[in-house]
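Commentary on secondary and tertiary structure
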Amino acid sequence: IREDIATPRRTKEIIQRHGFSFKKSLGQNFLIDQNILSKIVAAAGLDKTKGALEIGPGIGALTEKLAEEACKVTAVEIDQRLLPILGEVLEPFPHVQVVHGDVLKLDLKELFAQQFSDVSGVSVVANLPYYVTTPILMKLLEEKLPLENIVVMIQKEVAERMAASPGGKEYGSLSIAVQYYSEPELVCTVPHSVFIPQPNVESAVIRLKVRKQPPVQVEDESFFFEVVQASFAQRRKTISNNLKSRFFPKEGRERLEALLEEAGIAPSRRAETLDLHEFAKLSNVLAQFGL
Ligand code: SAM
């Protein structure tokens, strides 16, 4: 019988035997708790017809669980020192492939074509390196990869911003970007004690159910995101003041206020009160105006 990797005893044994030392700069906090792993894997909804992409397998704690559930697992790891360890612990699983590289630099479309051509669906499942959480998630979403779910352990504060609804202080351009591409749902919060070494920030597991179609129609996606960014530039300012600084610096306020009215948005509102539909309407009205 194999012993699970994610226990304090086995993890310490593996890293000591290989003389491995943690690199903080690579966000290396390894999971040593079976309960949390079960929750992460269950949230991904895998089965023997599905594929899983893991980012940052570490010493394979989550990888071996994914291997038990999915028909194909590909794990991308940046730290070369982990490759011999992964080779050893994942030996029982011929359907697991480790790719050495930086996920932010990889051509993921090509990776998908190579690795996942024969599965019924793919989910990303990972305990992410916290120093690059947002760039990794935005890359996965913006490239419109054929993904079902993204289930990831991230900083609790970032998870809350991603899942936030209009009206609160967590709601901002990150919430809108993530919700344009997916339906986020907090799975659980996670105590520090499930990692070695323990991270300094609080953690949570979030599931992003990737949308097949965006929930709103925007004429020009990059302009839509530009309008969102501009609207939140200074959170305490009204939407009218933020948009004026960005798009109408030299003109009178009347024209902007007429456009806001056309979009059905009172100029005195703050960006944090606008929902996705209102931002879409606003950016479509501003785009028509030729900005
Ligand atoms: N999955 C393991 C676990 O749960 O125990 C390790 C998780 S640890 C939080 C993050 C992992 O991501 C580390 O193994 C680290 O080396 C790797 N990593 C960091 N930056 C990366 C990048 N840009 N591309 C791929 N892997 C990366």
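The name given to the chain in an unreviewed UniProt entry is Ribosomal RNA small subunit methyltransferase A, with the source organism recorded as Paenibacillus lutimineralis. Taken directly from UniProt, the Subcellular location (unreviewed entry) text for the chain runs: "Cytoplasm". Quoted straight from UniProt, the Sequence similarities (unreviewed entry) entry for the chain says "Belongs to the class I-like SAM-binding methyltransferase superfamily. rRNA adenine N(6)-methyltransferase family. RsmA subfamily."

This part is about the nonpolar core. The biggest cluster of nonpolar side chains holds 80 residues, and the ones touching the most others in it are Leu31, Val125 and Ile206. The dominant element in this core, judged by the number of residues it contributes, is strand β6 (residues 147–155), at 6 residues. Not counting residues within four places of it along the chain, the set of residues in contact with leucine 31 comprises Ala6, Ile36, Leu37, Ala61, Leu62, Asn127, Val194 and Phe195.

Right, let's talk about the sheet that holds strand β5 (residues 122–127) for a bit. Within the open sheet, the 7 strands sit side by side as β4-β3-β2-β5-β6-β9-β7. Their pairing is mixed. The sheet terminates laterally at β4 (96–100) and β7 (182–190), the two strands that pair on one side only. Averaged over all neighbouring strand pairs, the angle between strand axes comes to 20 degrees, with direction disregarded. Strands in contact with helix α5 (residues 108–115) are β2 (51–55), β3 (72–77), β4 and β5; relative to β3, the strand with the most contacts, it is inclined by about 145 degrees.

With that settled, consider the site of the ligand. Within the structure, the ligand sits among 23 residues, and Phe30, Gly56, Gly58, Asn127 and Pro129 are positioned closest to it. Going through the elements one at a time, β1 (30–31), α3 (61–69) and β3 are the ones with two or more residues in the shell around the ligand. Of the residues in the shell around the ligand, the class split is 14 nonpolar, 6 polar and 3 charged.

Residues annotated by UniProt as "binding site: S-adenosyl-L-methionine" (unreviewed entry) correspond here to Asn29, Leu31, Gly56, Glu77, Asp102 and Asn127. Relative to the elements of secondary structure, glycine 56 occurs in the loop between β2 and α3. The class of glycine 56 is buried, set by 23 C-beta atoms lying within 10 Å. Once you skip the residues sitting within four places of it in the chain, glycine 56 turns out to touch Glu77, Ala126, Asn127, Leu128 and Pro129. With respect to the helices and strands, the residue glutamate 77 is situated in strand β3. When sequence neighbours within four positions are dropped, the list of residues in contact with glutamate 77 reads Gly56, Pro57, Leu82, Leu83, Leu86, Val98 and His100.

On to the confidence of the model for the chain. For the chain, the average pLDDT comes to 97, and 100% of its residues sit at 70 or higher. Listed scores for the predicted complex are pTM 0.96 and ipTM 0.99.

Residues annotated in UniProt with the feature "domain: Ribosomal RNA adenine methylase transferase N-terminal" (unreviewed entry) correspond here to residues 36–212. For the annotated span residues 36–212, helix accounts for 34% and strand for 28% of the residues, and the straight-line distance between the end C-alpha atoms is 29 Å.

Here the focus is the pairing of β4. Relative to β4, β3 is paired through 5 bridges, and the arrangement is parallel. Looking across to β4, one finds that threonine 74 is bridged to glutamine 97.

The subject of this paragraph is helix α12 (residues 276–288). Given a rise of 1.5 Å per residue, 13 residues ought to cover 18 Å, and the 18 Å separating the end C-alpha atoms of α12 matches this to within 8%. The complete set of buried residues in α12 reads Phe279, Ala280, Leu282, Ser283, Asn284, Val285 and Leu286. Where α12 is buried, its residues contact α8 (173–181), α9 (221–231), α10 (239–247) and α11 (253–262). Glycine 290 occupies a position one or two residues after α12 and carries a positive phi of about 90 degrees.

Conventions and cut-offs
Think of each chain on its own: its residues are numbered from 1, step by step along the sequence as written. Local features in this predicted model are restricted to residues whose pLDDT is 70 or higher, and side-chain atom pairs enter the listing and the counts only when it is 80 or higher, whereas totals over whole chains, interfaces and linings include all residues. UniProt positions are given in the numbering used here, feature names are shortened, and annotations may be inferred rather than shown by experiment. We define the nonpolar core as any set of buried residues of the types Ala, Val, Leu, Ile, Met, Phe, Trp, Tyr and Cys, connected via C-beta atoms lying within 7 Å of each other. Exposed residues have 12 or fewer other C-beta atoms within 10 Å of their own C-beta, buried residues have 20 or more, and partly exposed residues fall in between, where C-beta atoms are placed from the backbone. Helical segments are the DSSP runs of H or I of at least four residues, strand segments are the runs of E of at least two, and each set is numbered from the N terminus. Two residues qualify as being in contact provided that their C-beta atoms, derived from the backbone, are within 7 Å of each other. Only strands joined by at least two bridges in the DSSP assignment are considered to pair. Lines fitted to C-alpha atoms define the axes here, with helix axes fitted over just the stretch in contact, and angles between the N-to-C directions of these axes take values from 0 to 180 degrees. Each residue gets a C-beta atom placed from its backbone. Should that atom fall within 6 Å of a molecule or strand, the residue is termed near it. Think of it as three bins: nonpolar holds Ala, Val, Leu, Ile, Met, Phe, Trp, Tyr, Cys and Pro, charged holds Asp, Glu, Lys and Arg, and polar takes everything else, Gly as well. pLDDT gives the predictor's per-residue confidence on a scale running from 0 to 100. Every helix has an expected span of 1.5 Å times one less than the residues it contains.

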